[in-house]
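Residue strings, one per chain:
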Amino acid sequence: MLDICLLGTGGMMPLPYRALTSLFVRYNGSAVLIDCGEGTQITTKRLGWSFKPIDLILITHFHADHISGLPGFLLMMGNAGRTEKITIAGPPGIERICRSLLIIAPRLPFEVEYIEIDGPEMVFEMLGLKFTAFKVDHNLTCYGYSIELARQGKFDAEAAKEKQIPIKCWNRLQHGETVEIDGITYTPDMVMGAPRKGLKVTYCTDSRPVTSIAEHAVGSDLFICEGMYGDPENEEKAREKKHMTMYEAAELAKKADVAEMWLTHYSPSMNRPQDYQEAVQAIFPRTVISKDRQIMEMRFEDENIEESGNETEK
């Protein structure tokens, strides 16, 4: 199970009624944060989830609305008693940029490790999850991220009995171990079915609608994508600023055939994103005009997927 919260839905600057875009993901006692703009620690506090278990922070790019909240956020984690190492991943220069920001937070009680992402794509695994960073098209180096939770096949107890595999081996085989007892080797494929569909979340902000986004969003149970502008008259501005309209995001979701799309990263000039819902859903019906602190509890396909909405106050 993955717990997902879109902490904020704003772009460029935090507003009294709209925080900056950031994603909080919880899994198996750990947590991941994607982007950390100004005020992210305030939104996290309002959410009520513990920020102490955050082990990984992913940065999409180095514009202030995506990274300037990092010193305060890390200080907040330290003040809460965090002492374990934390990892920060992002585009080339991530360590240099973060160290510069952390001049104002020089005495963190935990180690910070850095992963520098380079090239069109990078895949790595942490915390029992698979992360894929993919390059998008903004006016400086920017990456989108997919997070995947794999799901192994079902354990076949009857097959284990037929093959006379000792019961004491079963648990280890279910956890992917090869076991040797009395000169006989037992492997997981002897008792495990084919892998089942897992969970996938894809997150992308600050980009033109390029093919790589749709390609990496394929198979996503949730696709979170920027919809900077809703007024069709702003299409030229979107091209100029290397952003995306809601309609362009909907076309990507349609092409990738995702289960659901949440729009985010709204322009400060867009007061009522919901006014464009009907037009966007005409392109991709499974579009949600997200609000701050929108939450989804994601379960495997034979379980329920529940959405709790948001708690935004205006």
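Refer to the structure above for everything that follows.
Here goes a summary of the coordinates provided. The model shown is predicted, which means the values in this text are computed figures rather than measured ones.

Concerning the environment of Leu47
Here is step 1: By the secondary structure assignment, Leu47 is in helix H1 (residues 40-47).
Here is step 2: Remark: the alpha-carbon pair of Leu47 and Tyr17, spanning 30 residues in sequence, is separated by 14 Å.
Here is step 3: Sequence-distant contacts of Leu47, that is, excluding residues within four places in its chain, are made with Cys5, Leu7, Phe24, Arg293 and Ile295.

A short note on the side chain of Asp221
Here is step 1: Take Asp221: it is sitting in the loop between helix H7 (211-217) and strand S13 (222-226).
Here is step 2: In terms of polar contacts, Asp221 uses its side chain to reach the side chain of Lys197, at 2.8 Å.
Here is step 3: For Asp221, the side chain forms a polar contact with the main-chain nitrogen of Lys200, separated by 2.8 Å.
Here is step 4: Once residues within four sequence positions are removed from consideration, Asp221 is found in contact with Lys197, Gly198, Leu199, Lys200, Ala259, Glu260 and Met298.

Remarks on the pairing of strand S16 (residues 294-298)
Here is step 1: Among the 5 residues of S16, 4 are classified as buried, and the element is accordingly described as predominantly covered.
Here is step 2: Two elements, strand S1 (residues 2-8) and S16, share 5 bridges in a ladder whose sense is antiparallel. Bridge pairing links Cys5 to Ile295 in S16.

Focus: the nonpolar core
Here is step 1: Leu2, Ile4, Leu23, Leu58, Phe131 and Ile224 are the most contacted members of the largest nonpolar core, which has 32 residues in total.
Here is step 2: Considering each element in turn, this core owes the most residues, 4 residues, to strand S9 (residues 143-151).
Here is step 3: Apart from residues lying up to four places away in sequence, Leu2 is in contact with Val25, Arg26, Tyr27, Leu129, Leu149, Leu199, Val201, Met296, Glu297 and Met298.
Here is step 4: Among the nonpolar cores identified, the runner-up in size contains 29 residues, and Leu7, Ala31, Leu102 and Ile295 belong to it.

Notes on H1
Here is step 1: Restricting attention to buried positions, one finds in H1 the residues Thr40, Thr43, Thr44 and Leu47. Take H1 and look down its axis: the buried residues cluster within an arc of 100°, on one side only. Exposed residues lying more than 90 degrees from the buried face of H1 are Ile42 and Lys45.
Here is step 2: Turning to H1, the residues buried within the fold contact S1, strand S2 (22-27), strand S3 (30-34), helix H3 (70-79) and S16.
Here is step 3: Positive phi appears at Gly48, one or two residues downstream of H1, with a value of about 95°.

Focus on the pattern of salt bridges
Here is step 1: Within this structure, the stated rule accounts for 16 salt bridges.
Here is step 2: One salt bridge connects Glu113 with Lys85, and the closest N-O pair in it is separated by 3.5 Å. On the criterion of sequence distance, the pair formed by Glu113 in strand S6 (residues 112-116) and Lys85 in the loop between H3 and strand S5 (86-90) is long-range, its members being 28 residues apart.
Here is step 3: Residue classification places Glu113 among the partly exposed residues on the basis of a relative accessible area of 33%.
Here is step 4: Residues Lys197 and Asp221 are paired through a salt bridge, measuring 2.8 Å at the closest nitrogen-oxygen approach. One end of the pair, Lys197, is in strand S12 (residues 196-204); the other, Asp221, is in the loop between H7 and S13, with 24 residues separating them in the sequence.
Here is step 5: Since its relative accessible area comes to 36%, Lys197 is described here as partly exposed.

Let's talk about the sheet that holds S13
Here is step 1: Taken in spatial order, the 7 strands make up an open sheet running S7-S8-S9-S12-S13-S14-S15, and their pairing is mixed. Only two strands of the sheet have a single neighbouring strand rather than two, namely strand S7 (121-126) and strand S15 (287-289). Across the sheet, the axes of successive neighbouring strands diverge by a mean angle of 20°, strand direction being ignored.
Here is step 2: The sheet contact formed by S13 and strand S14 (residues 261-264) spans 4 bridges and is parallel. Bridge pairing in S14 places Cys225 opposite Leu263.

Procedures and definitions
Residues numbered from 1 in each chain as written. Predicted model: local features only at pLDDT ≥ 70, side-chain atom pairs only at ≥ 80, totals over all residues. Heavy atoms only, no water. Helix = DSSP H or I, 4+ residues; strand = E, 2+ residues; numbered from the N terminus. Contact = heavy atoms within 4.5 Å. Polar contact = N/O pair within 3.5 Å; in protein donor to acceptor, adjacent residues only side chain to side chain. Buried < 20%, exposed > 50% of the residue type's maximum accessible area, 1.4 Å probe, protein only. Pairing = 2+ DSSP bridges. Core = buried A, V, L, I, M, F, W, Y, C linked by side-chain atoms within 4.5 Å. Arc of directions from axis to C-beta. Salt bridge = Lys/Arg side-chain N within 4 Å of Asp/Glu carboxyl O. Axes fitted to C-alpha atoms, helices over the stretch in contact; angles between N-to-C directions.

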